[in-house]
Every structure is written in C-alpha cells, then in structure tokens.
Amino acid sequence: MTPPAQPRDRLRVAIQKSGRLGEPARELLASCGLTWRESRDKLFCYGESLPVDLLLVRDDDIPGLIADGVCDMGIVGRNVLVEHDLARRAQGRGADLTEWRQLGWGTCRLDVAIDEDQEWTGPEQLAGMRIATSYPHTLGRWLEEHGVDAEPVLLNGSVEIAPRLGQADVVCDLVSTGGTLRANQLKPVTTILHSEAVIAGPGHPLDDGRQEIADLLLRRLDGAVQLKESRLLMLRVERPLLDDLLPLLPGGHEPTVMAVDGRDEVALQMLVHGSVSWARLEDLKRAGAHNLMVLPVEGMLA
C-alpha cells in the first residue's frame, strides 16, 4: 500500500534546467520578488523571500513531476504539456494537468514540412506516408481528426534530416524561424499546434495551504507578464482636438485626461500593452498632440 503523501507548506515549481525556456522562466519568477538559496548541484533552489522552491529539471520531465505530485506547478512549453497529456491518456492514465496561464514568450509552431519542390494539396496528401516527429501522440491526434492513415516515426533528434536518410517521407517538427527546415530543403505547409511557454498545474486545488501560496504567486506572475508588455504613453493636446485624437490611441487601458492649469489643453496618459510605434506617434502628432513620451513601467499592481 502506498503511504500517504506528507503534508507540505511550501510550493514546488519546476522549470527547465537548461534550454531556451530555463533562463527566461527564472527571470520571470525573480521579477515577482522571489529569491533562492541554491543547492551545491544547482538542481534545487530553496525559496528565501517566499515559501516557493525551484526544481531545475529536463523540460520533458516537468509534466510528469506535476502529475505525480512531486511538483505543484511548472513552466513548460505547451508542446511538451500536450504530448505528455496525450501519451498518458493513450496508456489509460488520467493526467489531470491543465494550463494555468499562457506567458506569451517561447513561441513556436509544430508544423508538417514537405520537400520544398512539392506542392501541398492538403492533409489527405499524407496518406500512407511515414512522418518523422518527436511528437507522435500530438501528430497522431491531428491525423485522426483529419481522417488520414499515416505512420508517425518517432525520432528524438535530427528530425529534419529523416527524409534524406530514408527514415521518413515528410517531417513534423517544431518551427521558430524555419531556417533549419530551409537548410534541409523542406518547407512548412500546415500547423498542428501553436506553442508557447505556459504555467502548468493540476486541475484540482492544492492541499495543505499551498493553494494560497500558488494564488499569491499567480497574481504576481500576472502582474509581471502584463508589466513586461506595458508602456506609459503621455501627451498633451488642445482640448478642442481631443475627440479627434482619441480614436488614434493604441490599445490599452482607458486613458486618464487631466486639465492643464491656465491653458485650454489637457494632459493625457494611458497604460499601453505592447510597443508604441513611431508611425503611431507621428499620427498622434499630426492630430495635434505634443510633448509625446513613451515610458517604461517599473512596477504595477492592479
């Protein structure tokens, strides 16, 4: 009989030990005010400012650690999370994992790619083909959805060269810029999954008071993600021109408009999500705005 899990009053977060998501994940958590004391092997970080510890592991291991209760949450690519979930379901094991937050960075696509000289007519073109991939379950689900009978060929590396080696006819692989595919005379033709870094966790509330810590951390993470993408736009404009200028403002929060003492003009400021282009600033200036400024936001708490 399996012994009952020991109660915990600290939150465990798994992130990538190395790789493209590892350092950004750690920087994001640090921006939430977290500090740690590292173990000698640098695989475990004991939280000092909050009861939040880090486990630094392989990205492929993160969903399993959460599903098995070793970790409470993790930062991982959606592609890894989806593949793990489908693999467990194929084994008849419930995963009980879900996406808690999408983070908007680490974006890539899981694409089917064919020879650059071939024409693409649709999914039915893949019938009877061997498709090299590191994501056989995600690919298999897509093939089933499109009623295509093809054979996923599992490869854990060098997927792009599989057609040249005679291991497969086409490939299904992660694509960021497409440079690796082009170097192997391949072209992406359809996207199976859009991926990015996400916060993953169990589909049920945490026990032992850990949910309260998780909620606190998620609130800080929401603020940090929003802050990273935010700018403060400030300008002045004559009051009669305000109505014509408002439709030219970028998307963001409702602008704050304040009267300027002794003048028939107003000062406007608003929190903007994303960058503000030079073209946008020039449009605002032509509409009568002056003293235009775009400032970074150092801190924000809604």
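Since we're looking at a predicted model, the values are computed, not measured.

Attention now moves to the overall build of the chain. When its secondary structure is counted, the chain shows eight helices and 16 strands. Relative to the globule expectation of 19 Å for 302 residues, the C-alpha radius of gyration of the chain, 25 Å, shows a markedly less compact shape. In terms of overall dimensions, the chain has C-alpha extents of about 75 × 60 × 35 Å along its principal axes. Carbon and sulfur atoms make up 49% of the accessible area of the chain, which totals about 16,400 Å².

Our focus in this paragraph is the UniProt feature "domain: Histidine biosynthesis HisG C-terminal" (unreviewed entry) in the chain. Cross-referencing UniProt, the feature "domain: Histidine biosynthesis HisG C-terminal" (unreviewed entry) maps to residues 229-298 in the present numbering. Summarising residues 229-298: 19% helix, 41% strand, and an end-to-end C-alpha distance of 11 Å.

Put simply, helix 3 (residues 78-90) and helix 4 (residues 136-145) touch, their axes get as near as 8 Å, and they point 75 degrees apart. Classified by the interaxial angle, the pair formed by helix 3 and helix 4 is roughly perpendicular. The residues of helix 4 that touch helix 3, namely those facing V82, E83, L86, A87 and A90, are P136, H137, T138 and R141. Here the residues of the contact of helix 3 with helix 4 sort into five nonpolar, two polar and two charged.

Strand order in the open sheet made by the seven strands is 2-3-4-1-5-12-6, with mixed pairing throughout. Looking along the sheet, the strands with just one partner apiece sit at the ends: strand 2 (36-38) and strand 6 (97-102). Going from strand to strand, the sheet's axes swing by 30 degrees on average, the running direction of each strand aside. As paired elements, strand 2 and strand 3 (residues 44-47) share three bridges and run antiparallel to each other. Its bridge partner lying in strand 3, E38 is registered against C45. Along the sheet, helix 1 (residues 22-30) contacts strand 1 (11-16), strand 2, strand 3, strand 4 (52-57) and strand 5 (73-77); its crossing angle with strand 1, the most-contacted strand, is approximately 145 degrees. Sheet contacts for helix 3: strand 5, strand 6 and strand 12 (197-202); angle to strand 5, the most-contacted strand, approximately 105 degrees.

How big an interface is tends to be stated in terms of accessible area lost as the parts join. Per the domain assignment, the segments of the chain are domain 1 (11-105 + 197-228), domain 2 (108-195) and domain 3 (230-296). One C-alpha centre belongs to domain 1, the other to domain 3; they are set 39 Å apart.

Grouped together as the largest cluster of nonpolar side chains are 30 residues, with contacts concentrated most on L11, V13, L29, M73, I75, L217 and L221. Put simply, the parts of the chain that give this core at least two residues each are strand 1, helix 1, strand 4, strand 5, strand 12 and helix 6 (210-228). Here this core takes seven residues from helix 6, the largest share from any one element. Not counting chain neighbours up to four residues away, the residues in contact with M73 comprise L11, R12, V13, A14, I66, W100, I199, A200, G201, L217, L218 and L221.

One pass over the structure, following the stated rule, counts zero aromatic pairs. Directly above the ring of Y46 sits R10, whose terminal nitrogen or CZ lies 3.9 Å from the centroid.

Its boundaries defined by the atoms lining it, the largest pocket holds a volume of some 650 Å³. Along the walls of the largest pocket sit 25 residues, with D59, D60, V80, S134 and Y135 positioned nearest its centre. Tallying contributions element by element places helix 3 first for the lining of the largest pocket, with five residues. Residues from two domains meet in the lining of the largest pocket; each of domain 1 (11-105 + 197-228) and domain 2 (108-195) gives at least three.

This paragraph deals with helix 3. Between its first and last C-alpha, helix 3 extends 18 Å over 13 residues, near the 18 Å set by a 1.5 Å rise per residue. Where helix 3 is concerned, the buried positions are R78, N79, V80, L81, V82, E83, H84, D85, L86, A87 and R88. Of the residues trailing helix 3, G92 is marked for its positive phi of about 75 degrees.

Right, let's talk about unusual backbone geometry for a bit. Positive phi outside glycine occurs at Q185, with the angle close to 55 degrees. Overall, the relative accessible area of 36% leaves Q185 in the partly exposed class. Of note in the backbone geometry, D208 takes a positive phi value of approximately 60 degrees without being a glycine. Taking relative accessible area as the criterion, D208 reaches 39% and is therefore assigned partly exposed.

A few words on the sheet that holds strand 11 (residues 186-195). Read from one edge to the other, the open sheet built from five strands follows the order 9-8-10-7-11, with strand pairing classed as mixed. Pairing within the sheet leaves two strands with one partner each, and these edge strands are strand 9 (151-154) and strand 11. Averaged over neighbouring strand pairs, the angle between their axes works out to 30 degrees when direction is ignored. Strand contacts of helix 3: strand 10 (170-175) and strand 11, with the helix running at about 75 degrees to strand 11, the strand carrying the most contacts.

Thresholds applied
Residues numbered from 1 in each chain as written. Predicted model: local features only at pLDDT ≥ 70, side-chain atom pairs only at ≥ 80, totals over all residues. Heavy atoms only, no water. Helix = DSSP H or I, 4+ residues; strand = E, 2+ residues; numbered from the N terminus. Rg over C-alpha atoms; globule rule 2.2 N^0.38 Å. Areas by Shrake-Rupley, 256 points an atom, 1.4 Å probe, with all protein chains shown as cover. UniProt positions renumbered as here; feature names shortened; annotations may be inferred. Axes fitted to C-alpha atoms, helices over the stretch in contact; angles between N-to-C directions. Parallel < 35°, antiparallel > 145°, perpendicular 65-115°, else oblique. Contact = heavy atoms within 4.5 Å. Nonpolar A, V, L, I, M, F, W, Y, C, P; charged D, E, K, R; others polar. Pairing = 2+ DSSP bridges. Domains from an automatic or database assignment. Core = buried A, V, L, I, M, F, W, Y, C linked by side-chain atoms within 4.5 Å. Buried < 20%, exposed > 50% of the residue type's maximum accessible area, 1.4 Å probe, protein only. Phe/Tyr/Trp six-rings, centres within 6.5 Å; stacked < 30°, edge-to-face > 60°. Lys NZ or Arg CZ within 6 Å of the ring centre and 35° of its normal. 1 Å grid on protein atoms, 1.4 Å probe; cavity = no way out; pocket = protein on both sides within 12 Å on 5 of 7 lines; lining within 4 Å. Points joined across faces, edges and corners; volume = space filled by probe spheres on them. Expected span 1.5 Å × (residues − 1).

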